[in-house]
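Chain residues, written in single-letter form:
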Amino acid sequence: MYKAVFLDFYGTLVHEDDVYIEEICGRILKSSPIPSTTREVGAYWWNSFSKAFQASYGDQFQSQREIERQALQDTIAFYQSLENPDELCEVLFGHWQSPQLFEDTMLFLEAIRVPAIILSNIDRHDILAAIQHNGLSFEHVITSEDVRAYKPRGEMFQQALTVLNLNPDEVLHVGDSLTSDVRGANNAGIKVAWMNRKNKQLPPAHSPDYTVNSLETLLPLLS
């Protein structure tokens, strides 16, 4: 049905960094004099990150590591925490380079019969390390650093279409982020499968073409 598949990486093929984010929020809160919860710390951190992330493209592009470091510095300062932002960043960066595969990833990658391209918002050095760590191989890996823009902007999707010389209606994008993956693919005119591993409720503002909780469900479309 499709001539190629575009794959998000973290949260789709490998585990996200949720556990490490929770750990970092707890460490910030533990040394903070401000009454709060880890949930509130995480929300502040995410808002700080998102502002810089959304403004990062073209001449204003910043790497994911740069944005993350700035957001953590801002969060630590706001909560008057004694934590070292560089040390906390290394917790995340370590995960980015050595994430754990989901159980269905290898079966899926071995079974599909169409070209697969990775589209990732993580920095190139980190995702290449993660791919190598897990013994994977992809002919093409396109990152935010390559196009100087992040999903959901269209640059990464367009670059992938150009590499394969395909039209938007000939490919399927698979990702777990409703914003970066679903909205990004929608805007690019590409069919999208929302990887909903945690069986979350779909907000009405988003419209994936498929909603799945495992990669195996997609095999009939790609094999």
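Just so you know, these numbers come straight off a predicted model, no measurement behind them. (Residues numbered from 1 in each chain as written. Predicted model: local features only at pLDDT ≥ 70, side-chain atom pairs only at ≥ 80, totals over all residues. Heavy atoms only, no water.)

(A) Local environment of the nonpolar core. The biggest cluster of nonpolar side chains holds 51 residues, and the ones touching the most others in it are Leu7, Phe9, Phe108, Phe138, Val174, Leu218 and Leu222. The biggest single contributor to this core is helix α4 (residues 85-97), with six residues. Not counting the four nearest positions on each side in its chain, valine 174 is found in contact with Val5, Phe6, Leu7, Asp8, Thr12, Ala193, Met195, Leu215 and Leu218. Judged by nonpolar contacts, the second largest core, of 19 residues, contains Phe6, Met156, Leu166 and Val192. (Core = buried A, V, L, I, M, F, W, Y, C linked by side-chain atoms within 4.5 Å. Buried < 20%, exposed > 50% of the residue type's maximum accessible area, 1.4 Å probe, protein only. Helix = DSSP H or I, 4+ residues; strand = E, 2+ residues; numbered from the N terminus. Contact = heavy atoms within 4.5 Å.)

(B) Broad picture of the sheet that holds strand β3 (residues 140-143). Within the open sheet, the six strands sit side by side as β3-β2-β1-β4-β5-β6. Their pairing is parallel. With partners counted over all chains shown, the strands left at the sheet margins are β3 and β6 (210-212), one partner each. This sheet shows a mean twist of 20° between the axes of neighbouring strands, independent of strand direction. Where strand β5 (residues 191-195) lies against β6, three bridges are found, and the strand directions are parallel. (Pairing = 2+ DSSP bridges. Axes fitted to C-alpha atoms, helices over the stretch in contact; angles between N-to-C directions.)

(C) Examining the packing of aromatic side chains more closely. Across all of its chains, the model carries nine aromatic pairs by this definition. On the basis of an interplanar angle of 25° and a centroid distance of 5.2 Å, the ring pair of phenylalanine 61 and tyrosine 150 is categorised as stacked. Taken together, the residues phenylalanine 61 in the loop between α2 (38-54) and α3 (64-78) and tyrosine 150 in the loop between α7 (144-147) and α8 (155-164) connect sequence positions 89 residues apart. By relative accessible area, which is 12% here, phenylalanine 61 ends up buried. Ring plane angle 80° and centroid distance 5.0 Å describe the contact between phenylalanine 78 and tyrosine 79, whose orientation is recorded as edge-to-face. For tyrosine 79, a relative accessible area of 5% gives the class buried. Taken together, the ring pairs connect Trp46, Phe49, Phe53, Phe61 and Tyr150 into an aromatic cluster. Positioned over the ring face of phenylalanine 93 is arginine 65, at 4.0 Å from the centre of the ring. (Phe/Tyr/Trp six-rings, centres within 6.5 Å; stacked < 30°, edge-to-face > 60°. Lys NZ or Arg CZ within 6 Å of the ring centre and 35° of its normal.)

(D) Layout of the pairing of strand β4 (residues 171-175). Where burial is concerned, most of β4 is hidden: five out of the five residues are buried. Side-chain alternation along β4 places Val171, His173 and Gly175 on one buried face and Leu172 and Val174 on a second face that is also buried. Judged from the four bridges that link them, β4 and β5 form a sheet pairing that is parallel. From the neighbouring strand, valine 174 faces β5, where its bridge partner is alanine 193. A crossover connection joins β4 to the parallel β5 through helix α9 (residues 178-188); in handedness this β-α-β unit is right-handed. (Right-handed = clockwise from strand over helix to strand, strands pointing away.)

(E) Here's a closer look at α3. Here α3 contains 15 residues, and its C-alpha end-to-end distance of 21 Å stays within 8% of the 21 Å for a straight helix at 1.5 Å per residue. Among the residues of α3, those classed as buried are Gln64, Ile67, Glu68, Ala71, Leu72, Thr75 and Ile76. The buried residues of α3 all sit within an arc of 160° when viewed along its axis, so they share a single face. Buried residues along α3 sit in contact with α1 (18-30), α2 and α4. One or two positions beyond α3, positive phi appears at glutamine 80, with a value near 50°. (Expected span 1.5 Å × (residues − 1). Arc of directions from axis to C-beta.)

(F) Seen up close, the side chain of serine 56. Among the structural elements, serine 56 can be located in the loop between α2 and α3. Side-chain polar atoms of serine 56 contact the backbone nitrogen of glutamine 62, separated by 2.7 Å. Not counting residues within four places of it along the chain, the set of residues in contact with serine 56 comprises Phe61, Gln62, Ile67, Ala149 and Tyr150. (Polar contact = N/O pair within 3.5 Å; in protein donor to acceptor, adjacent residues only side chain to side chain.)

(G) Summary view of the layout of surface pockets. The space that makes up the second largest pocket amounts to roughly 190 Å³. Forming the walls of the second largest pocket are 13 residues, and the residues nearest its centre are Leu109, Ala116, Ser137, Phe138 and Glu139. Sort the elements by how many residues they give to the lining of the second largest pocket and helix α5 (residues 105-111) lands first, with three residues. Broken down by class, the residue content of the lining of the second largest pocket amounts to eight nonpolar, three polar and two charged. (1 Å grid on protein atoms, 1.4 Å probe; cavity = no way out; pocket = protein on both sides within 12 Å on 5 of 7 lines; lining within 4 Å. Points joined across faces, edges and corners; volume = space filled by probe spheres on them. Nonpolar A, V, L, I, M, F, W, Y, C, P; charged D, E, K, R; others polar.)

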